[in-house]
Amino acid sequence: VQLQASGGGSVQAGDSLRVSCAVSGATFSAYSMGWFRQAPGNEREFVAAIRRNGGSTHYADSVKGRFTISRDNAKSTVYLQMNSLKPEDTAVYYCNVGPLLRVLKGTFTSWGRGTLVTVSS
């Protein structure tokens, strides 16, 4: 499975940004998708998840109400719309694919290339 995140950049606090992740080598519509992030010096953490049909979503408390996960099964792509960004959102953002429970726990051994989001105050 190949995972390629893109769309990161440098923004000011309060700004919005949308990151994307294209997936290949897997039956995209058969699996849940998740976004994760890793800030410098910290472990990777769960951000958001979406079920395979987009029918339900899950968020970390730290981003609830500010971030929205969505997916386009026709394009094998998952998105993360990030609004009201804060400096503490600064991290490399990654996506991954699998059964919902694995996505919620982030128990993956393989990760694709992430995209860096930097939020300045």
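Whatever comes next refers back to the structure up there.
Only a predicted model underlies this, so the values are computations on that prediction, with no experimental measurement involved.

A. Main features of the side chain of S32. Structurally, S32 is set in strand β4 (residues 32-38). Using a relative accessible area of 6% as the deciding quantity, one classes S32 as buried. Apart from the residues lying within four places of it in its own chain, the contact partners of S32 are I50, R51, R52, R71, N96, V97, G98, P99, L100 and V103.

B. Broad picture of the side chain of T115. Note on placement: T115 falls in strand β10 (residues 115-120). Among the residues examined, T115 registers a relative accessible area of 9% and is labelled buried. At 2.9 Å, the side chain of T115 and the backbone nitrogen of G8 are in polar contact. Here T115 is in contact with A5, S6, G7, G8, V19, A91, V92 and Y93, once residues within four sequence places are set aside.

C. Structural context of the environment of A48. Tracing the backbone shows A48 in strand β5 (residues 45-50). Residues A48 and W35 lie 13 residues apart in sequence; the distance between their C-alpha atoms is 5.2 Å. Look past the residues within four positions of A48 in its chain and what remains in contact with it is M33, G34, W35, H58, Y59, I69 and L80.

D. Region of the structure containing the pattern of salt bridges. All told, the structure shown has four salt bridges when counted by the stated rule. Two residues, D89 and R37, come together in a salt bridge whose shortest N-O distance is 2.9 Å. With D89 in the loop between β8 (77-82) and β9 (91-98) and R37 in strand β4, the pair connects residues that are 52 residues apart, well separated along the chain. For R37, a relative accessible area of 5% puts it in the buried group. For D61, the salt bridge identified is with K64, shortest N-O distance 3.1 Å. Residues joined by salt bridges that share partners form a network here, namely R37, E45, R66 and D89.

Procedures and definitions
Residues numbered from 1 in each chain as written. Predicted model: local features only at pLDDT ≥ 70, side-chain atom pairs only at ≥ 80, totals over all residues. Heavy atoms only, no water. Helix = DSSP H or I, 4+ residues; strand = E, 2+ residues; numbered from the N terminus. Buried < 20%, exposed > 50% of the residue type's maximum accessible area, 1.4 Å probe, protein only. Contact = heavy atoms within 4.5 Å. Polar contact = N/O pair within 3.5 Å; in protein donor to acceptor, adjacent residues only side chain to side chain. Salt bridge = Lys/Arg side-chain N within 4 Å of Asp/Glu carboxyl O.

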